[in-house]
Amino acid sequence: MSDGAVLHVKGRVLVGPEEVRDELWVIDGRVSYDRPAGARDVRTVEGWTLPGLVDAHCHVGLDRHGAVPADVAERQALADRDAGALLLRDAGSPSDTRWVDGREDLPKIIRAGRHIARTRRYIRGYAWEVEPEDLPAYVAREARRGDGWVKLVGDWIDRDLGDLSACWPRGAVEAAIAEAHRLGARVTAHCFAEDSLRDLVEAGIDCVEHATGLTDELIPLFASRGVAIVPTLVNIATFPDLAAGGEAKFPRWSAHLRRLHARRYDTVRDAHDAGVPVYVGTDAGGTLPHGLVAAEVAELVTAGIPPLTALSAATWSARAWLGRPALREGAPADLVVYERDPRADVRVLGVPSRVVVNGRVVG
């Protein structure tokens, strides 16, 4: 703990899927497996301990209308923290949330800058809206502004077509992804439908959000290229309501959403079984509330992903993918303690008994 006190974490410390230790110590806000000599003012917590959970797709500083004031963004970050999500990949926001980095009581955020969308092809107030010839320049801008990620809108409803369709020609995404990679950033894209996926993956994209349009023909391509997906199943659960709301004006779009929703679990399971990396993300901050990370893990299990793999998708493997440490020696002490073993029942994730951020017990 950074104020000179020492935190002793006892019970079962889940360092990895199979590596379990009996205890760890928190000294000056960092993890240690060596008992400190002559420690005084020791606080003890006990239970089943995981590294802070990861929500790899959320939006701090955003609601259904666009950017929100700092006090609202703070409440969003606190909701994630209290749910045990201590590492957030912010997958697009028009808000400047750098002030969060100075708060030792809030989750750590990896930012993808602001969404980049085709003109009039996304939610108003969310994205930079540009034409294909300007895409590489805006990608470069957000690559410099973000924390190693850039977020594209790969498809959205085309009102003339009355259905989802790809937003970008192949050449534009090739140039944009190459520019992001030149600047050391990875690229992800919002994709609900099928027809943008091949171009994005063959152009070198690193991740696809939602990925409801994955087909039997596309899954092997994702697997062979190592392209990750973040299914956001708690968000995909809203598709029937969206479809009902758009039925009168866009019946083709509504029918498409219903088909994507109906096969959502098969899509995620088949992708996992083929070797596609799958990570936990909730899409909180647009229309969904923050703090849904446990529900998303449970949805992956419902889809047919083994519980331990689903748990890893929100902890050990997710942190490795994002380049952030778990419970290794010297890592920031961001951890969550539970009364029961979450490997036996992932629903335990919904009821943390202690939340520790930078070595401080905050919940």
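Notes on the structure follow. Within each chain, residue numbers correspond to sequence positions counted from 1 in written order. Owing to the predicted nature of the model, reporting of local features is limited to residues with pLDDT of at least 70; listing and counting of side-chain atom pairs is limited to 80 or more, with chain, interface and lining totals taken over all residues. Working from all heavy atoms in the structure, the side-chain values ignore hydrogens and water.

Details of the sheet that holds strand β18 (residues 335-338)
Thought 1: Taking strand neighbours across the sheet as the criterion, the seven strands line up as β3-β2-β1-β4-β18-β19-β20 in an open arrangement whose pairing is mixed. Here the strands that pair on one side only, and so sit at the sheet edges, are β3 (30-32) and β20 (360-361).
Thought 2: Bridge count for strand β19 (residues 354-357) against β20 is two bridges, and the pairing is antiparallel. From the neighbouring strand, Val 357 faces β20, where its bridge partner is Arg 360. A pair of strands is considered paired only if DSSP assigns at least 2 bridges between the two. By the criteria applied, helices consist of DSSP H or I runs no shorter than four residues and strands consist of E runs no shorter than two, each listed in order from the N terminus.

Some points on the side chain of Thr 97
Thought 1: Mapping Thr 97 onto the fold places it in the loop between β8 (85-90) and β9 (108-111).
Thought 2: Contacts are assigned to residue pairs with any non-hydrogen atoms lying within 4.5 Å of each other. Here Thr 97 is in contact with Val 60, Gly 61, Ile 109 and Arg 111, once residues within four sequence places are set aside.

Brief notes about helix α3 (residues 170-182)
Working note: α-helix, 3.6 residues per turn, so residues spaced by three or four point in the same direction.
Thought 1: Multiplying one less than the number of residues by 1.5 Å gives the expected span of a helix. In this model α3 runs 18 Å from its N-terminal to its C-terminal C-alpha over 13 residues, within 8% of the 18 Å that 1.5 Å per residue would give.
Thought 2: Throughout, exposure labels follow a simple rule: accessible area from a 1.4 Å probe, protein chains only, divided by the maximum for the residue type, with under 20% read as buried, over 50% as exposed, and the rest as partly exposed. Taken together, the buried positions of α3 are occupied by Ala 172, Val 173, Ala 176, Ile 177, Glu 179 and Ala 180. Here the buried residues of α3 occupy an arc of 160° about the axis, which is enough to place them on one side.
Thought 3: Those residues of α3 that are buried are in contact with α2 (135-145), β15 (186-191) and α4 (197-202).
Thought 4: Phi turns positive one or two residues past the end of α3, at Gly 184, with a value near 85°. For this quantity, the arc is that covered by the directions from the helix axis to the C-beta atoms.

Overview of unusual backbone geometry
Thought 1: For Ala 211, which is not glycine, the phi dihedral falls at a positive 55°.
Thought 2: For Ala 211, the location among the structural elements is in the loop between β16 (207-210) and α5 (219-225).
Thought 3: Here Ala 211 falls in the buried class, since its relative accessible area comes to 1%.
Thought 4: Phi is positive for Asp 283, close to 65°, though the residue is something other than glycine.

Looking at the packing of aromatic side chains
Thought 1: The aromatic pairing rule takes the rings of Phe, Tyr and Trp, using the six-membered ring of Trp, and pairs them if the centres are within 6.5 Å, calling planes under 30 degrees apart stacked, those over 60 edge-to-face and the rest tilted. Enumeration over the complete set of coordinates arrives at seven aromatic pairs.
Thought 2: Taking the centre distance of 6.0 Å and the plane angle of 80° together, the rings of Tyr 122 and Tyr 126 count as edge-to-face. Of the two residues, Tyr 122 and Tyr 126, neither departs from the other in class, the shared state being buried.
Thought 3: A network of ring pairs unites the aromatic residues Tyr 122, Tyr 126, Trp 156, Phe 192 and Phe 239 as a single cluster.

Observations regarding the pairing of strand β2 (residues 20-27)
Thought 1: Relative to β2, strand β1 (residues 6-14) runs antiparallel, the two sharing seven bridges. Bridge pairing links Val 13 to Arg 21 in β2.
Thought 2: In textbook terms, the turn of a hairpin is the stretch between consecutive antiparallel strands, and for β1 and β2 this stretch comprises five residues.
Thought 3: Here β2 runs beside β3; their pairing, made up of three bridges, is antiparallel. Paired with Val 26 across the bridge in β3 is Val 31.
Thought 4: Hairpin connection between β2 and β3: a loop of two residues separates the two successive antiparallel strands, and Asp 28 in this loop has a positive phi of roughly 55°.

As for the pattern of salt bridges
Thought 1: Between Lys or Arg on one side and Asp or Glu on the other, a salt bridge is scored when a side-chain nitrogen of the former is within 4 Å of a carboxyl oxygen of the latter. The full count for this structure, using the stated rule, is 27 salt bridges.
Thought 2: Of the charged contacts, one joins Asp 105 and Arg 103 as a salt bridge, the two residues approaching to 2.8 Å between their closest N and O atoms.
Thought 3: One salt bridge in this structure joins Glu 179 and Arg 182, with 2.8 Å as the shortest N-O distance. A residue pair is termed a helical-turn pair when its members lie 3 or 4 positions apart in one helix, as Glu 179 and Arg 182 do in helix α3 at three residues.
Thought 4: With relative accessibility at 18%, the residue Glu 179 sits in the buried group.

Points about the sheet that holds β9
Thought 1: Pairing is parallel in the open sheet, where three strands are placed in the order β5-β8-β9. Two strands in the sheet have a free side with no partner beyond their single neighbour: β5 (53-58) and β9. In this sheet, neighbouring strand axes are inclined to one another by 20° on average, regardless of whether the strands run parallel or antiparallel.
Thought 2: Where β5 and β8 come together, four bridges link them in parallel fashion. The angle between two axes is taken between their N-to-C directions and runs from 0 to 180 degrees, where each axis is a line fitted to C-alpha atoms and a helix contributes only its stretch in contact.

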